[in-house]
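Single-letter residue listing:
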Amino acid sequence: MGRALQVARQAIDSADVPVGAVVYGPDGVELATGCNQREATADPTAHAEIVAIRGAARALGSWRLAGCTLVVTLEPCTMCAGALVLARIASLVLGAWEPKTGAVGSLWDVVRDRRLPHRLEVYAGVREQECAALLRDFFDDHR
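Residues numbered from 1 in each chain as written. Predicted model: local features only at pLDDT ≥ 70, side-chain atom pairs only at ≥ 80, totals over all residues. Heavy atoms only, no water.

## Remarks on the side chain of Ser91
The following threshold applies: Here a strand is any run of E in DSSP of at least two residues, a helix any run of H or I of at least four, and the numbering for each starts at the N terminus. Residue burial is assigned from relative accessible area. The probe radius is 1.4 Å, only protein chains are included, and a residue is buried under 20% of its type maximum, exposed over 50%, and partly exposed in between. In the analysis that follows, any N or O atom pair within 3.5 Å is treated as a polar contact, provided that within protein one partner can donate a hydrogen and the other can accept it, and provided that, for residues neighboring in sequence, both atoms belong to side chains.
With respect to the secondary-structure elements, Ser91 resides in strand β4 (residues 91-96). By relative accessible area, Ser91 is classed as buried at 11%. Polar contacts involving the side chain of Ser91 include one to the side chain of Thr69, which spans 2.7 Å.

This is the structure:
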């Protein structure tokens, strides 16, 4: 989570919400990072998780990220949770909960839905206060 927080902090000076994500390979080696880039790229799908997943897929030369772990500072939305399932990510480590749009337990639980062909291990609340504080500070400055 330390690395994901570092990635999120790098985006603080942008207009994008500071969310950081890191994908680690099955061997624990960092494959890719991502931070929100929706404002910077005018792309509604440029969430931190999607950016990191795309980078990891390029690094491995495959869309199947079996055995990989994604670490993210904020609970994924439905789009990102669906991408985690489709990419066959093995585990998810998340920091702060997102009660308005969260899809890993807050509103929905897409990544552990038994109707889907793949489910993830989830480790939630890792450095939760630190992740939440980063977001609170951002929104306090932008209101």
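Let's pick the thread back up.
## Some details on helix α1 (residues 2-10)
What sets the pattern is the α-helix's 3.6 residues per turn: residues three or four places apart point alike. Which entries qualify depends on this criterion: Our arc is simply the arc of the directions from the helix axis toward the C-beta atoms. By definition in these notes, contact holds between two residues if any of their heavy atoms fall within 4.5 Å.
For α1, the set of buried residues is Ala4, Leu5, Val7 and Ala8. For α1, the buried positions fall inside an angular range of 160° around the axis, keeping them on one side. In this fold, the buried residues of α1 make contact with β1 (20-24), β2 (30-35), β3 (69-74) and α5 (128-141).

## Concerning unusual backbone geometry
One non-glycine residue, Ala42, adopts positive backbone phi at about 55°. Among the secondary structure elements, Ala42 is positioned in the loop between α2 (38-41) and α3 (48-60).

## Looking at the pairing of β3
Selection rule: The criterion for strand pairing is that DSSP finds at least two bridges linking the strands in question. Throughout, right-handed denotes a crossover for which the path from the first strand over the helix to the second runs clockwise when the strands point away from the viewer.
Across the six residues that make up β3, a large majority, six, are buried. Relative to β3, β1 runs antiparallel, the two being bridged by four bridges. Counterpart to Tyr24 in the pairing with β3 is Thr69. Here β3 runs beside β4; their pairing, made up of five bridges, is parallel. By the bridge assignment, Thr69 is partnered in β4 with Ser91. Read from β3 through helix α4 (residues 78-86) to β4, the crossover connection turns out right-handed.

## Let's talk about the pattern of salt bridges
What counts here: A carboxyl oxygen of Asp or Glu within 4 Å of a side-chain nitrogen of Lys or Arg is what we treat as a salt bridge.
The tally for this structure, following the rule as stated, stands at five salt bridges. Between Glu130 and Arg9 there is a salt bridge, with the nearest N and O atoms lying 2.9 Å from each other. Remark: Arg9 occurs in helix α1 and Glu130 occurs in helix α5; sequence separation between them is 121 residues. On the basis of relative accessibility, which here comes to 40%, the residue Arg9 falls in the partly exposed class. Measuring nitrogen to oxygen at the nearest pair gives 2.9 Å for the salt bridge that ties Arg112 to Asp109. Via salt bridges that share partners, Arg9, Arg127 and Glu130 belong to a single interconnected network.

## So, the sheet that holds β3
Which entries qualify depends on this criterion: Here, axes are lines fitted to C-alpha atoms. For helices the fit covers the stretch in contact, and angles between N-to-C directions go from 0 to 180 degrees.
Ordered by their spatial adjacency, five strands build an open sheet running β2-β1-β3-β4-β5, and the pairing between neighbours is mixed. A single partner strand is all that each edge strand has here, and the edge strands are β2 and β5 (121-123). If you compare each strand with its neighbour and ignore which way they point, the axes differ by 15° on average. Lying on the sheet, α5 is in contact with β3 and β4; it crosses β4 at an angle near 60°.

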